[in-house]
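Understanding the architecture of this molecule
The residues making up each chain are set out below.
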Amino acid sequence: MLTQRLVLTGDEAHDKPLIQQAAAIIRAGGLVAFPTETVYGLGADALDSAAVRRIYLAKGRPAWDPLIVHVAEPEDIHRYTRDHSVLTEKLIRAFMPGPLTLVLPKREVISEVVTAGRDTVGIRIPQHPVARALIRYSMTPIAAPSANKFGRPSPTTADHVLHDLSGEIDAVLDAGATPLGVESTILDMTTDPPTLLRPGGVPREAIEAIVGAVRVLGRTFDEGESLPAPGLTARHYAPSARVMLCAPSPEAFYGTLKDTLSRYAFVGAMRPDGWKLPESNRLRVFEWGAWGDWETLAQRLFLGLRALESLGVHAIVCPLPPEAGLARALRDRLERASTE
Ligand code: TXA
Ligand code: MG
């Protein structure tokens with residue numbers, strides 16, 4: 001299959017027919033990658049089980065890992081999910097559209113292919129205008145995981161999507177780099193208090209300001225226990241190079257780079273602005289952004305990991321962001337990427 005790249009310019013007259021073309025592919029049961037404000041998603045008609053099965057095939061995603069359903073309006077959340085609490089309504093009003101996914105009891109129309117056999121579904125309203133237009137023109141909810149091969153870093157550009165999925169999907173809507181760069185926050189509303197399944201674009205502090213303290217998952221589960229978010233425990237978001245985390249100080253960064261250069265032939269550095277580097281022609285550097293500017297660092301995280309990987313480094317050294325605000329999402333992705 002030839003994957004079409006539909007390049008958008010931001011000019012409505014130019015873009016509209018291309019997004020409508022993509023919507024026609026969705027309606028016909030095909031696969032279209034599209035930008036959201038977080039990362040690119042790999043979309044199919046959520047009400048067409050055969051189309052949804054093709055997502056799993058293209059991604060190489062295990063059948064037990066459920067997909068997020070993307071809708072355009074708050075009313076659609078009610079159409080596809082049930083048993084909303086007052087807290088759910090408050091969260092919808094506060095953060096949707098936006099980078100928040102709520103896990104809620106599903107209604108019958110959402111098939112178990114989408115939810116991997118669960119009776120809950122993850123649902124969100126993306127903020128990106130292209131995502132919203134695609135959902136509207138498709139006139140159906142769109143099931144979409146991140147548009148990468150299973151376990152790889154999420155795609156923040158159409159090039160990343162094509163690198164992983166060219167020839168396996170019908171089209172990608174190319175609207176440039178995604179503004180946030182990390183995935184949505186996932187909150188399970190079926191527990192009391194709600195459980196934070198994945199830190200993401202909406203910081204936990206902002207959610208807790210509305211719903212009070214949330215439950216946070218530990219990292220370990222008893223054997224045989226079913227995982228609340230199956231994709232969230234395994235090694236994930238990982239480039240082919242080894243990710244080496246270090247304490248967030250210029251000294252620790254320098255020391256870890258020296259040590260890593262003594263053990264690997266080619267080393268990559270996710271470098272915060274101005275942090276000192278050891279002298280070496282075996283070092284490849286990604287200029288990441290100012291330490292503490294989490295918006296910029298989030299936007300460029302997966303870009304950097306993929307860029308260094310494509311230069312063929314064997315290990316990537318990266319300082320570990322703190323456990324607060326948006327930095328928590330970066331920290332989570334890096335910890336998973338570094339898991340062996
Ligand atoms: O920002 C995002 O959320 C992006 C964009 C494309 O929307 N999507 C995304 O999807 O990151 P994905 O499939 O790569 O990650 C979704 C995670 C998976 O780990 C999955 O296990 C979990 O959400 N999930 C989905 N439905 C669930 C459910 N019903 N219960 C628990 N976890 C669920
Ligand atoms: Mg993913």
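Keep in mind that this is a model prediction, so the values were computed, not measured.

Let us now look at the packing of helix α10 (residues 294-310) against helix α11 (residues 327-338). Where α10 meets α11, the closest approach of the two axes is 9 Å, and the angle between their N-to-C directions is 25 degrees. As judged from the angle between their axes, α10 and α11 are roughly parallel. The two elements α10 and α11 cross, and the hand of that crossing is left-handed. Contacts between α10 and α11 involve Trp294, Leu297, Ala298, Leu301 and Phe302 from the first element and Ala327, Leu330, Arg333 and Leu334 from the second. Residue composition of the contact of α10 with α11, by class: 8 nonpolar, no polar and 1 charged.

Segmentation of the protein into domains returns domain 1 (4-216) and domain 2 (242-338). Between domain 1 and domain 2, the C-alpha centre-to-centre distance is 28 Å. Counting residues at the interface gives 25 residues for domain 1 and 14 residues for domain 2. Both faces combined, the contact of domain 1 with domain 2 buries some 1,600 Å², and carbon together with sulfur accounts for 53% of it. In this structure, the connection of domain 1 to domain 2 is made through 4 salt bridges. Of the charged contacts, one joins Glu205 and Arg328 as a salt bridge, the two residues approaching to 3.3 Å between their closest N and O atoms. In this structure, the connection of domain 1 to domain 2 is made through 9 residue pairs in polar contact (both at pLDDT 80 or more). Residue assignment for the side of domain 1 that touches domain 2 shows that the elements contributing at least two residues are α7 (158-165) and α8 (204-211).

Now for the nonpolar core. Grouped together as the largest cluster of nonpolar side chains are 44 residues, with contacts concentrated most on Leu91, Leu102, Leu187 and Ile207. Among the elements that take part in this core, helix α2 (residues 49-59) stands out by supplying 5 residues, more than any other. Leaving out residues up to four positions away in the same chain, Leu91 has contacts with Met96, Leu100, Leu102, Leu187, Met189, Ile207, Ile210 and Val211. The next biggest cluster of nonpolar side chains, apart from the first, holds 24 residues, and it includes Met270, Leu297, Leu301 and Ala337.

Here the focus is the sheet that holds strand β12 (residues 242-246). Strand order in the open sheet made by the 4 strands is β12-β15-β13-β14, with parallel pairing throughout. Two strands lie at the open edges of the sheet, namely β12 and β14 (283-289), each paired on one side alone. Across the sheet, the mean angle separating the axes of adjacent strands is 25 degrees when strand polarity is ignored. With 5 bridges joining them, β12 and strand β15 (residues 315-319) adopt parallel strand pairing. Following the sheet pairing, Cys246 is matched in β15 by Pro319. Where helix α9 (residues 250-261) meets the sheet, its contacts fall on β12, β13 (267-272), β14 and β15, and the angle it forms with β13 comes to roughly 175 degrees. α11 contacts β12, β14 and β15 of the sheet and is inclined by roughly 130 degrees relative to β12.

Rules behind the numbers
- Residues numbered from 1 in each chain as written.
- Chains lettered and ligands numbered in written order.
- Predicted model: local features only at pLDDT ≥ 70, side-chain atom pairs only at ≥ 80, totals over all residues.
- Heavy atoms only, no water.
- Axes fitted to C-alpha atoms, helices over the stretch in contact; angles between N-to-C directions.
- Helix = DSSP H or I, 4+ residues; strand = E, 2+ residues; numbered from the N terminus.
- Parallel < 35°, antiparallel > 145°, perpendicular 65-115°, else oblique.
- Left-handed = near helix turned anticlockwise from the far one by under 90°.
- Contact = heavy atoms within 4.5 Å.
- Nonpolar A, V, L, I, M, F, W, Y, C, P; charged D, E, K, R; others polar.
- Domains from an automatic or database assignment.
- Buried area = accessible area lost by both parts, 1.4 Å probe.
- Salt bridge = Lys/Arg side-chain N within 4 Å of Asp/Glu carboxyl O.
- Polar contact = N/O pair within 3.5 Å; in protein donor to acceptor, adjacent residues only side chain to side chain.
- Core = buried A, V, L, I, M, F, W, Y, C linked by side-chain atoms within 4.5 Å.
- Buried < 20%, exposed > 50% of the residue type's maximum accessible area, 1.4 Å probe, protein only.
- Pairing = 2+ DSSP bridges.

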